[in-house]
Structure formats: C-alpha cells, structure tokens
Amino acid sequence: MNRLAGWLGWTLFLVIGVPAAVLTGLTFLLAAFEPNPLEINGEAYTQKMAPYVRAASAIPAGELVARVVLIGDAGDPAEENVDTLSELDAWTRSAPDRTVTLFLGDNVYSVGFEPEDLSRGGAILGAQLNAAHGQAYVIPGNHDWGHTDGMHLERILAQQAFVDAAPDATYLPRDGCPGPEVTALLPEADLPRPILMVAVGTTWLLEPMSRPDCARVHYEVMQALEDTLLNTGDAWVIVAGHHPIVTAGPHGGFERGVIRPAFQALYGAQGTLGKPVYELVMEDLGRALAANRPLVYAAGHEHSLQLYRDGARAEYLIVSGAGAAGHVNTVTTLPNTLFAHAHPGFVSLDFERMPSGTVSVIARVVESGLGEVYATRLAGEEGNSSATAAPGR
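Definitions and limits used
Residues numbered from 1 in each chain as written. Predicted model: local features only at pLDDT ≥ 70, side-chain atom pairs only at ≥ 80, totals over all residues. Heavy atoms only, no water. Helix = DSSP H or I, 4+ residues; strand = E, 2+ residues; numbered from the N terminus. Buried < 20%, exposed > 50% of the residue type's maximum accessible area, 1.4 Å probe, protein only. Contact = heavy atoms within 4.5 Å. Areas by Shrake-Rupley, 256 points an atom, 1.4 Å probe, with all protein chains shown as cover. Axes fitted to C-alpha atoms, helices over the stretch in contact; angles between N-to-C directions. Parallel < 35°, antiparallel > 145°, perpendicular 65-115°, else oblique. Pairing = 2+ DSSP bridges. Right-handed = clockwise from strand over helix to strand, strands pointing away. Core = buried A, V, L, I, M, F, W, Y, C linked by side-chain atoms within 4.5 Å.

### What about the overall build of the protein?
The secondary structure content of the protein amounts to 9 helices and 16 strands. Scored against the burial criterion, the 393 residues of the protein give a buried share of 55%. The long-range fraction of contacts in the protein, counting pairs at least 24 apart against all pairs at least 6 apart in sequence, stands at 68%. Of the roughly 16,500 Å² of accessible surface on the protein, a fraction of 57% belongs to carbon and sulfur atoms.

Laid out in structure tokens, this is it:
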C-alpha cells in the first residue's frame, strides 16, 4: 500500500509538478527578454515627474452649472489619506447643491467591510462621504467584495447598508448584482439636456465561478446595457464601472521589472488586461457601449489618473483610481492618451455655461496638494479639442 501511494505521488509530481515548474521557468525567461512596455511607449509619469499632457490651449471661463466628481480606490484610513480627502472636501464644498461625487470602487481596503470589524469599514468609507459635499453615489470594486479569497456578498451588503444610512448617498448597483442601473444626476440643474449615470458592477462580470446568482446572466447584462444606452436620448451619459477598458498602468501590463509581471501573468487576479476573462468581458462591454456611445466611460482600479480620446466605445475613457496616496503606482502613455499622471487626486466633469450661452462639458484633473493641473473640453458647441494645463505643470 505504501509502495502504491509512493508511486502515485511520483506520478502526480511528474504529470503536474514538472510541467508547472517548466511553465513558470519559461515565463520568467520570456519576461526577461521581452521588451518593456514602459520603454516602448515612453516615460513612466510618476509623482516626481510632471504629467504627460497633450498639446494644450486656453479654455474660456464659464459659469458652473453642474459638477460630477470621479474618484476611485480611496479606501485607505483617513489618517493615511489626508491630502486627497482635503482636496476633495475643498473641491466639492464650493458648490454642494450642484455637485455629485461618484466613488468608483475599492472604497475600503483591502477586503471591504469585514463582519468582525464593521466599524473599521464604516470609518474609512464615512470619511470619504464626509469629504464629498453634495450627493454621492458609491459603486463596489474588487476589494470591496473581499478580493483575496473569493466574493463575499455579505461584505457588499454591509457596505450597501452603511451607504443607505448615510445622508445624500446611494449605493449602485444594488444587492451585489451587476445592473446596469441608470439614474439622473442633478435633474434640477439648468441644463439643455440631462446627465445620466449608468452603474455597472464589473467585478461580478469578471468572477463567473464565485459571483452570487442574480436575475440576469452575463449576456443579458450586456443586452440590458445596450438597451439602456439606446434609450438615453440626447442625454450626456456617464457609464461608471470599477474596471477600466484601457489603461497604461500595471493592470494593462505596463510595468517595469520581471518578477511581478511574470507572477501576474501566471497567478494574478482576473482584474488585469491580458487575462482571458478580463479581455472577453471588456470586449463585450465595449460592444455594448458602442451601440450608443456614452460621453464617458469612467473607472478606477488602476491607481493613477488617465484621460483618453476614444470614439469607439465611448467618446472619452477616464481612469480615476488615485484616491489613496499609498496605492499610487506608475503610468505611461498610449497613442490616444490626453493626460497621464501617477499622482493622488481625482477628475471632475464640470458642466459650464460659456459666455456665448452654450454649455460645455470640461474634464478637470485635480491633484492632491496642487489643485487643478489640467482641463480639456469634452463636449460643447465651442468644439471638443481645447485643453489647458496649469502654469508650471
């Protein structure tokens, strides 16, 4: 019996262990000789460097009518994130009755609202909501689900209950399901067309083996998103999810070194471009968006600030996942990059009435300790190509 057990053990080692070891070795070997994506595409725009900014020009001053702040991955304790929360507080305090803040997920690091310590999760998320004057919408990210050992619906429901109890705050999508859920933002604002936000639970889409059952399956979610977009009329539409479609940071495979990218390729979570499930989900998401392109697809997940001119899936793609200073990593550029910087901060979509009387939608990048560092017009009769960088940046 012992001899049989030993024979089976060696057989399993030869059949499984040896190929796995060889695969790991080949991965490291190939990674060592593969050109570095950051070196192919240019500099890594870290906090110590000025941001990448495509050619800028002046934008006329306008009257603020409505403001939608996009901030993601801000889930560190408040005492570790003072500068970013202070910047958010100052930015939203100036016009709270005209301001909505969208929290784009990873609202509580690193495993969400733990059942044995709900007060910790409440303190972290509560500090963010307190810094966001006006209305707030909160969507979940992968860390809010638990991240490291599967998807824990009870953590999402605990976070949802906390947000539901907070004043002027809404949790979307509901009950751990992917949506899509559409809501009008600042419907009382004096605008020529409405602002609609469509919330999508991208983590649910990326975890088919461990996600909870919901009323819709994957393809029905995508069809519902397409149908929703086709019925938005002439609204300015912002689709909000946690995971980006495009990123020039580590989650997009743009990272210096060999060890971490190699392990990411073999053992990393699904939330990384290059992973088959991620690629498929983002392709499906892109097709649904293309049915009636929204003005913006906004996401966090990548810990940097990035703006892209897209035109295929959305008019613009925005990555605003630099809400926690301690998580900011690196970023480079892609051919359609308008702005890129690995610096704590957020992006603000400002709907402004211009001197001509028309309304323009202006994306402003606001960095912790620096204020506004960049702005570009996304929509408006004055055109879509104007941009400006703050002096000295």
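Moving on, there is more to tell.
### Some points on the packing of helix α3 (residues 82-93) against helix α4 (residues 118-131)
Between α3 and α4, the shortest axis-to-axis distance is 8 Å and the interhelical angle comes to 30 degrees. The pairing of α3 with α4 is recorded here as roughly parallel in orientation. In contact with L85, L88, D89 and T92 of α3, α4 contributes A127, Q128, N130 and A131.

### Concerning the pairing of strand β3 (residues 99-103)
Side chains on a regular strand alternate between the two faces of the sheet. The buried fraction of β3 amounts to 5 of the 5 residues, a majority that puts the element mostly inside the structure. Side-chain alternation along β3 places T99, T101 and F103 on one buried face and V100 and L102 on a second face that is also buried. With 5 bridges connecting them, strand β2 (residues 63-71) and β3 associate as parallel partners. The partner of V68 across the bridge, within β3, is V100. Once the chain exits β2 it traverses α3 before rejoining the sheet at β3, and the crossover so formed is right-handed. Viewed along the sheet, the connection from β3 through α4 into strand β4 (residues 135-138) turns out right-handed.

### Points about the nonpolar core
A general feature of soluble globular proteins is that nonpolar side chains tend to end up buried together. If you look at the biggest cluster of nonpolar residues, it comprises 75 residues, and the most contacted ones within it are L102, L349 and F351. For this core, the leading source of residues is helix α9 (residues 276-290), giving 6 residues. In terms of nonpolar packing, the next biggest core, distinct from the first, is built from 27 residues, V69, I71, L125 and A158 among them.

The values are spatial; any link to function lies outside them.
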